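A look at the structure
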Amino acid sequence: MLANEIRLVGRSFKYHRPRGILSAGSEEPNALVELRDGARREANTRATVVELYDGLDARSQNRWPSLRFDARAVTGLFAPLLSAGFYYKTFMWPAAFWEKIYEPLIRRSAGLGTMASAPDPDTYEKSSTFCDVLVIGAGPAGLMAALTAARSGARVLLADEDFRLGGRCLTERRHIGDLPAHEWATTVVDELASNPEVMLLPRTTVFGSYDHGAFAALERVSDHLPVPAPFQPRQRLWRIVARRTVLAAGAIERPLVFGDNDRPGVMLAGAVRSYINRFAITPGRRAVVFTDNDDAWSTVADLQAAGAEVLAVVDSREGTMDANRPRSVSNTKVINGVVRRALGGRALQAVEIVSGEGRLRRIECDLLAVSGGWSPTLHLTSHLGSRPRWDADRAIFVPDQLPAGMAVAGAANGEFTTRAALSAGYREGRSAAQALGLSPAQFALPSAPDESAARQALWRVRNTRGKCFVDFQNDVTATDIELAQREGFSSAEHLKRYTTLGMATDQGKTSAVTGLALLAEQTARPIGSIGTTAFRPPYTPVPIGALAGHHRGRDFRPTRLPPSHAWAKEQHAVFVETGAGLRAQYFPQTGESDWLPTVIREVTAVRTAVGICDVSTLGKIELQGPDSLQFLERLYANGFQTLAVGRARYGLMLREDGIVMDDGTVARLADQHYILTTTTANAVDVYQHMHYCHQVLWPDLDVQFVSVTEQWAQFAIAGPHARALLQGIVDPGQDISNSAFPYLAAANVKLAGGQRARLFRISFSGELAYELAVPARSGDAAIRLLYAAGASLGVVAYGLEALGVMRIEKGHVAGNELNGRTTAQQLGLGRMLSTKKDYVGAVMSRREHLANPAGPQLVGLKPVDRAFRLASGAHFLPVGGAVTAANEQGYVTSAAYSPALGHWIALGFLANGHQRHGERLRVCDPLRNREALVDICDPVFIDPQGERLRA
């Protein structure tokens, strides 16, 4: 755009003023564009960081009907009404206007850019890496730090947000050693790239600093291409863990505040040098330079070398008429004074200058290069809560308390000259290597200029005409800051939120320090006493797509398939999502048009013959260590001191508040080796709870545990013929008779000629049953083997529906009852609560309300009309009582058709339910407009003495 003399690139957020390019990097507040179209549309991209490619589609935004003729620029006429806080004051009255006028108007006007209306077709990745030394920024300091650490033998990762490494070496006409700065940078990058222990990440912004040396970074892998290459992501989110870090992120130049300082054609002096020296573009032909420091004189020399006419250098410092002029600068008019106002509309036409003597003059020009000094880019030093320190001598904030393992070098630490940056990078590279126990490399530093960075701060030009902008992106003016202070918003955080100073995509990179300085002037306080606002990640905007990575659409929560999935598909199973898993719900056969006949067939077959069900999704946690038994005793409410090797036991786990968290089994395979099972729904919660208990409550216990849910396939084999089926596949020598392998036995076994497996005699169906576990990779083969071995025994495959029917018939509680609100007493498991030991939740479980014998208790129910179909969610009410909440005595949790009984049955919680067996009540379901009479009974409908499971 600059090469083709396009100066107008956008409109400001609030006043829709014409805006041009201000900077040359990620700090750009003005040049926000929409890239691409359709599903790949991306709004609010800073044009200064967009790489050109053939077919690039970029549009201006925040204008209507066009950028050149923006009708909304009329809001500028109402600027006196749109000062800081106007929305707080204006939209409060009259109240009736809010929904009909104010809110619709705000919603139509708010926001910048247009979102894509279709799903993003590109992919995004996440990756992690580890290194000895992370160097952030590839300017002179960063390159020298990386080079020194790499030569010392450290594993180095060098990241920079630019597509080419070199930083300001690429933008300055300076020499390092005998080479031009950009050639020196190339030689260093080539050496680093040839080192196998060095990883270079260009196009990568490290945007967040976190605990323990962890950093987040965004790599723009394919943003410079129209469409990502096959199997390549558009962007990659990195998690970087570093033992030592060197922050060499450079500095950001500050603009000066004067009248209409936002006109297209007003640019930062350092940005002008970048476009001239790196891209061979002269942003203007007739230039004026306005500065309060020595650095901007380099821009004067570079403009002249590029053939531009520098009409005047306006230096606000007294007594600096020619003292700071470099020898490379030819005859140029130097004015000791200030630029009072920039003139023009869609492009800069002239500037008004007031000299130190008060003389006003006007100079026609098309470029005004301004410099208010440089602010170190220290954001990453403060992401963990520390604040930077104000250095009054240099008028900059510098890092103060650094995160552990971090050092700062170069301009990011206020070391602005090339010589100082190289020395700092060398120093910190050696220091990092030494801290890692390496022998620091030692070599001679190349010679480099020691440019003057002297500055006499000018925060604002007084007695101006026009608006004096501090924050270009949010249209915050010096007057807004004055108003905020008068209205009591005199802290840095309050100023930010009241005026919106430092918000939006640039996060105040060019405006924050100036805004704080103006607030300090208004309150007659030092800038250091005001401090900064909190620095938080991300340093620059990060697309939500990159944060999500592959977790979108069906991959947002990837579906987990049990090991028997392929076999189940062959058996024409109907599947259902259970959490993240996809499990077989039932297995219909020819002639079964509805799920209920199928489930009745499956349940009947299990009760009379044998059935196989995949229960691999049950949580499985291996626990080992000398203190394993003590850990279990504290974790579970019931005791395990008497649990012998080769035996399993039902276990009840409480939360700290005394509520039941989960139930499952604990099997002891060896003296210090236990296998814990959990419900499918609570597998993750139980595992997290165990880690909390170990790390926080009992860190002194010597135990280790790991989730092996995904490592083992597990199958329930249930029914009268279950033992016969297993005897056909278990290797000879393994006795699984009732006497040798009784109920709740557990052992390592081998099947099919040596396949290792684990066998547990556990029953969820109430029948003679086992659970067979094999390594997950053998799961498919195992279920095929089981099914083939059971063909002569009438084996069936049964799914979750049949499993649910049988557990209700047996009165076993599951997720419907273990809902995070029930106690052991309510579930009928009160006798499992040990009185001989302490455990998690013990004290709280004895609270009067939780232990109330008249509270809700688990009961069974049968409909008086055996043809009535019970449903969960219905409420218990007295016969003849009104259907009101006051009469409600409990609710139904689970319901199923019982093939053994020939009618529907259900479980539920009823007040004082254990004393009310035989009582008749109503169940009312207002949502379905159904009710019926039911008889309350014991929740165990089948085999209450447990004779079948012990057979």
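Use the structure listed above.
In short, a report on the structure.

The rules behind these values
- Residues numbered from 1 in each chain as written.
- Predicted model: local features only at pLDDT ≥ 70, side-chain atom pairs only at ≥ 80, totals over all residues.
- Heavy atoms only, no water.
- Helix = DSSP H or I, 4+ residues; strand = E, 2+ residues; numbered from the N terminus.
- Buried < 20%, exposed > 50% of the residue type's maximum accessible area, 1.4 Å probe, protein only.
- Contact = heavy atoms within 4.5 Å.
- Areas by Shrake-Rupley, 256 points an atom, 1.4 Å probe, with all protein chains shown as cover.
- Phe/Tyr/Trp six-rings, centres within 6.5 Å; stacked < 30°, edge-to-face > 60°.
- Pairing = 2+ DSSP bridges.
- Axes fitted to C-alpha atoms, helices over the stretch in contact; angles between N-to-C directions.
- Salt bridge = Lys/Arg side-chain N within 4 Å of Asp/Glu carboxyl O.
- Parallel < 35°, antiparallel > 145°, perpendicular 65-115°, else oblique.
- Left-handed = near helix turned anticlockwise from the far one by under 90°.
- Nonpolar A, V, L, I, M, F, W, Y, C, P; charged D, E, K, R; others polar.

**Observations regarding the overall build of the protein chain**
Scanning the protein chain from N- to C-terminus turns up 20 helices and 46 strands. For the C-alpha atoms alone, the extent of the protein chain along its principal axes is close to 110 × 75 × 55 Å. Across the 951 residues in the protein chain, those meeting the buried criterion constitute 55%. Contacts spanning at least 24 positions in sequence make up 66% of the contacts within the protein chain whose residues lie at least 6 apart. For the protein chain, the accessible area works out to roughly 40,900 Å², and carbon and sulfur atoms hold 52% of it.

**Structural notes on the packing of aromatic side chains**
Overall, the coordinates contain 15 aromatic pairs when judged by the stated rule. For the pair Tyr275 and Phe279, a centre-to-centre distance of 6.2 Å together with 40 degrees between the ring planes defines the contact as tilted. On the basis of relative accessible area, Tyr275 is assigned to the buried category, the value being 9%. Judged by centre distance (5.1 Å) and plane angle (70 degrees), the rings of Trp567 and Tyr787 are edge-to-face. Taken together, the residues Trp567 in helix 13 (residues 565-570) and Tyr787 in helix 18 (residues 779-789) connect sequence positions 220 residues apart.

**Here's the deal with the sheet that holds strand 38 (residues 755-760)**
The 6 strands are arranged 37-38-39-36-30-40 in an open sheet whose pairing can be described as mixed. Since the sheet does not close on itself, it has two edges, and those belong to strand 37 (746-751) and strand 40 (795-797), each with one partner. Strand after strand, the sheet turns through a mean of 25 degrees between neighbouring axes, direction not considered. Summarising the sheet, strand 30 (residues 610-614) and strand 36 (residues 712-718) pair through 4 bridges and their orientation is antiparallel. Bridge assignment links Gly611 to a residue of strand 36, and that residue is Ala718. Across the sheet, helix 14 (residues 595-608) touches strand 30, strand 36 and strand 40, and the angle it forms with strand 40 is around 140 degrees.

**A look at the pairing of strand 36**
Burial of strand 36 is extensive: 7 of the 7 residues sit out of reach of the surface. What you see with strand 36 is no split at all: Trp712, Gln714, Ala716 and Ala718 on one side and Ala713, Phe715 and Ile717 on the other are buried throughout. In terms of strand pairing, strand 36 meets strand 39 (residues 769-775) through 7 bridges, oriented antiparallel. Paired with Gln714 across the two strands is Ala773, which belongs to strand 39.

**Comments concerning the pattern of salt bridges**
By the definition in use, this model includes 58 salt bridges. As a salt-bridge pair, Arg317 and Asp315 come within 2.8 Å of each other at their nearest N and O atoms. Two residues, Arg419 and Asp450, come together in a salt bridge whose shortest N-O distance is 3.9 Å. In this pair, Arg419 is assigned in helix 7 (residues 418-435) and Asp450 in the loop between helix 7 and strand 26 (469-471), connecting sequence segments 31 residues apart. With a relative accessible area of 48%, Asp450 lands in the partly exposed category. Look at the salt bridges and you will find they share partners, linking Arg17, Arg19, Asp260, Asp262, Arg263, Arg341 and Asp475 into a network.

**So, the packing of helix 14 against helix 19 (residues 800-810)**
Running from N to C, helix 14 and helix 19 cross one another at 60 degrees; their axes reach a closest spacing of 9 Å. On the basis of their axis angle, the class for helix 14 and helix 19 is oblique. As for the relative orientation of helix 14 and helix 19, their crossing is right-handed in sense. Along the contact surface, helix 14 presents Trp595, Val599, Glu602, Val603, Val606 and Arg607, while helix 19 presents Glu801, Ala802, Val805, Met806 and Glu809. Partitioned by chemical class, the residues of the contact of helix 14 with helix 19 number 7 nonpolar, no polar and 4 charged.

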